[in-house]
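A structural walkthrough
Below are the chains, spelled out letter by letter.
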Amino acid sequence: MLSQVYRSGFQPFGQRLLPWVQSPGLSRSHRVQPSAIRHVRSWSNIPFITVPLSRTHGKSFAHRSELKHAKRIVVKLGSAVVTRGDECGLALGRLASIVEQVSVLQNQGREMMLVTSGAVAFGKQRLRHEILLSQSVRQALHSGQNQLKEMAIPVLEARACAAAGQSGLMALYEAMFTQYSICAAQILVTNLDFHDEQKRRNLNGTLHELLRMNIVPIVNTNDAVVPPAEPNSDLQGVNVISVKDNDSLAARLAVEMKTDLLIVLSDVEGLFDSPPGSDDAKLIDIFYPGDQQSVTFGTKSRVGMGGMEAKVKAALWALQGGTSVVIANGTHPKVSGHVITDIVEGKKVGTFFSEVKPAGPTVEQQGEMARSGGRMLATLEPEQRAEIIHHLADLLTDQRDEILLANKKDLEEAEGRLAAPLLKRLSLSTSKLNSLAIGLRQIAASSQDSVGRVLRRTRIAKNLELEQVTVPIGVLLVIFESRPDCLPQVAALAIASGNGLLLKGGKEATHSNRILHLLTQEALSIHGVKEAVQLVNTREEVEDLCRLDKMIDLIIPRGSSQLVRDIQKAAKGIPVMGHSEGICHMYVDSEASVDKVTRLVRDSKCEYPAACNALETLLIHRDLLRTPLFDQIIDMLRVEQVKIHAGPKFASYLTFSPSEVKSLRTEYGDLELCIEVVDNVQEAIDHIHKYGSSHTDVIVTENEKTAEFFLQHVDSACVFWNASTRFSDGYRFGLG
């Protein structure tokens, strides 16, 4: 039976109605009844951040990435999440964090509902306190203080604890939600409320009205009057589920209210294929109906009525009713502060229940295949690994037409969506494929002793020797953007070094990457190690891949500096071999050769401006300004349609200067170039150290002493004298 709701009115606010809600004029002791509603008084003057959320309920979401479209969400808080470790009292820090996350989502325009435990624990704390206080007073009066130590607290009946704890639990939620100018309303239900058609309609109507008023319903089983759970055959079909605990209540509520998403928070990371804590237990990322036969369930949590088996049954029932479900850990201190928002953002948290099985293996399965295949690869003879790489090189030229056709599809789909530098990186050509093939053959020739080479041999004692031998790293994750030619390069290096490989390419190169990966696996098949190189084609976010610390031994990002920074930030427990930006400099000295300068600047900037070894800043000696050499450089850049950005000092010499550079630390990756003026070689070196990225820096001069000074003092990976920055390349170095 539903209690009366008292409202004083509504006021339009933007696209929402903000309620003024008054609590019913009843004492707290009279509000513990089935389906009772209690409101929080709260006013809001904060504009709501609305997001486009619209979805026709009927089918659950197929992929995690779709969860961000969830409009109506139920969050179920298990007893282990809400209560403290001693089971007496609430975990206030966790509860506050959960309320904050729910409030954030509510203010985004979503409709949030809570199914919460905790009344029994809260009541137990209150009753224990009352009993101790009462006993201490009586014993002080009759037996003296020396008897206080012998006080025994009787076993407390759960229904009495629930009755004593409901009002305090709701008062706590009231205080917390009020901090975010959000109203909340309490609803207590029993199993009988769902079997009575009139009560079901009343409950449904009340919940819809609360959601319409932008109020968060807080639902709980009325444990003060609920009968013991019956060992009946519940969960038999979509229309029947016995509300015997808050797991089944949350599932029933989610289906009744046509909810998009049900989040079940417990004290474990999600669903494991065997009891958590056992040696071989693995977290299941995605659970499909029918998979429960392959799962061994453990014992229940330390508190609460259900266990993981009950949660899975309830989740599958809700999934069958069209509601997506995620079971996750709500108690871990490192993740509980953002677990709910992470789930809604589609991040890989907990176990996601889906009715749609992917066509291929999961990324976890691919990781296992890469490790197994990599170990087999490492046992091959060096000549066999070289043979694989040679075969891949042959395939790149033999299957050239198919590769270029796939690449053409990528370019057509990317037209208008990608900037010109990225389009250039995406593009493949016959010459590129030929260069790739030559480079792969160089890798094959130079990698005969990559694995198993003895670096050091030490005699420890008579007949006892210690050897240091080169071995593979394990499984590499290489993430690359827009450059499909990166795939065979990295694959050849992994094959040569006996490492398993996971590849994650940009979606803009989907067709190119697919055929290049197929050719790589074809080459690997000649020695039965096809699975050693895997291409991740699922909707895995890069951030999720970086969390697979038990499968990946090293992450190598190949792309922009922003990509490198993002991966370094996201990687948890996995080493990242990142690279810096390619802010390459060329210093033209006062004694530079007229014949060399123009050719070197053109090759460095214009031959392939999207490359990381392209010239980005040209430093000119002050004495060269207004000379024929300087004019030749400027004329050449204009012919090549290079946009010039003037450094502060260069701009001061000009009456009408080009656009002044916004930053001297810019990697353009296009036909753009910064020109700055310096007084001498030392100032050029200081500029490079301040604004460069320690990639490649060049001096152009005929003065050997000046050149040696530059080569000795510039702290960069590659420092050249009278050479193009584009020479900084493993292929040009003869390394493959």
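One can find the structure itself at the top, above this paragraph.
Treat the numbers as computed from the prediction; the structure is a model and nothing was measured.

1. Concerning the packing of helix 11 (residues 382-398) against helix 16 (residues 510-524)
- Their axes nearest at 8 Å, the elements helix 11 and helix 16 cross at an angle of 140°. As the angle between them shows, helix 11 and helix 16 are arranged oblique. The chirality of how helix 11 crosses helix 16 is right-handed. Residues I388, H391, L392, L395 and L396 of helix 11 touch helix 16, and the partners they reach there are L516, L519, T520, E522, A523 and L524.

2. So, the sheet that holds strand 23 (residues 718-721)
- As summarised here, the arrangement of the 6 strands in space is 20-21-19-18-22-23, forming an open sheet in which the pairing is parallel. Of all the strands in the sheet, just strand 20 (643-646) and strand 23 have a single pairing partner and so form its edges. Strand-to-strand, the axes of this sheet are offset by a mean angle of 20°, without reference to chain direction.

3. Details of the layout of surface pockets
- Counted as a void, the second largest pocket has a volume near 1,700 Å³.
- For the lining of the second largest pocket, the elements supplying multiple residues, two or more each, are strand 9 (286-287), helix 9 (339-344), helix 10 (363-379) and helix 18 (561-570).
- When residues of the lining of the second largest pocket are assigned to their parent elements, the largest contribution, 5 residues, is made by helix 10.
- Of the residues assigned to the lining of the second largest pocket, the class counts are 14 nonpolar, 9 polar and 20 charged.

4. Section: the nonpolar core
- Counting 42 residues, the largest nonpolar core has L377, I388, I389, I403, L501 and L503 as the members making the most contacts within it.
- Of the residues forming this core, the biggest block, 8 residues, is contributed by helix 15 (residues 486-497).
- Residue contacts for L503: discarding those within four places in its chain leaves V478, F480, L487, V490, V533, Q534, L535 and V536.

5. Some points on the packing of aromatic side chains
- Applying the stated rule across the entire model yields 6 aromatic pairs.
- Ring centres 5.2 Å apart and planes at 55° place the aromatic pair F287 and F353 in the tilted group. One end of the pair, F287, is in strand 9; the other, F353, is in strand 11 (residues 351-353), with 66 residues separating them in the sequence.
- With 6.5 Å between their ring centres and 20° between their planes, Y587 and F710 make a pair best called stacked. Placement of the pair is Y587 in strand 18 (residues 584-588) and F710 in helix 23 (residues 704-713), with a sequence separation of 123 residues. The same class applies to Y587 as to F710, namely buried.

6. Some words on the state of the cysteines
- Across all of its chains, the model carries 0 disulfides by this definition.
- We note that C612 lacks a disulfide partner, and the nearest cysteine sulfur, in C584, lies 7.1 Å from it.

7. Description of the sheet that holds strand 15 (residues 500-505)
- Pairing is parallel in the open sheet, where 4 strands are placed in the order 16-15-14-17. Each end of this open sheet is capped by a strand with a single partner; those strands are strand 16 (533-535) and strand 17 (554-558). Between one strand axis and the next, the sheet turns through 20° on average, direction left out of account.
- Sheet analysis places strand 15 next to strand 16, joined by 3 bridges and oriented parallel.

8. Describing the pairing of strand 7 (residues 215-221)
- Within strand 7, 7 of the 7 residues are buried, which leaves the element mostly enclosed by the surrounding structure.
- Of the two faces of strand 7, the one holding I215, P217, V219 and T221 and the one holding V216, I218 and N220 are both buried throughout.
- Judged from the 2 bridges that link them, strand 5 (residues 111-116) and strand 7 form a sheet pairing that is parallel. Across the sheet, residue L114 finds its bridge partner in strand 7, namely I218.
- Of the strand pairs in this sheet, strand 6 (residues 183-189) and strand 7 are connected by 7 bridges, and their pairing is parallel.

Definitions and cut-offs
- Residues numbered from 1 in each chain as written.
- Predicted model: local features only at pLDDT ≥ 70, side-chain atom pairs only at ≥ 80, totals over all residues.
- Heavy atoms only, no water.
- Axes fitted to C-alpha atoms, helices over the stretch in contact; angles between N-to-C directions.
- Helix = DSSP H or I, 4+ residues; strand = E, 2+ residues; numbered from the N terminus.
- Parallel < 35°, antiparallel > 145°, perpendicular 65-115°, else oblique.
- Left-handed = near helix turned anticlockwise from the far one by under 90°.
- Contact = heavy atoms within 4.5 Å.
- Pairing = 2+ DSSP bridges.
- 1 Å grid on protein atoms, 1.4 Å probe; cavity = no way out; pocket = protein on both sides within 12 Å on 5 of 7 lines; lining within 4 Å.
- Points joined across faces, edges and corners; volume = space filled by probe spheres on them.
- Nonpolar A, V, L, I, M, F, W, Y, C, P; charged D, E, K, R; others polar.
- Core = buried A, V, L, I, M, F, W, Y, C linked by side-chain atoms within 4.5 Å.
- Buried < 20%, exposed > 50% of the residue type's maximum accessible area, 1.4 Å probe, protein only.
- Phe/Tyr/Trp six-rings, centres within 6.5 Å; stacked < 30°, edge-to-face > 60°.
- Disulfide = S-S within 2.5 Å.

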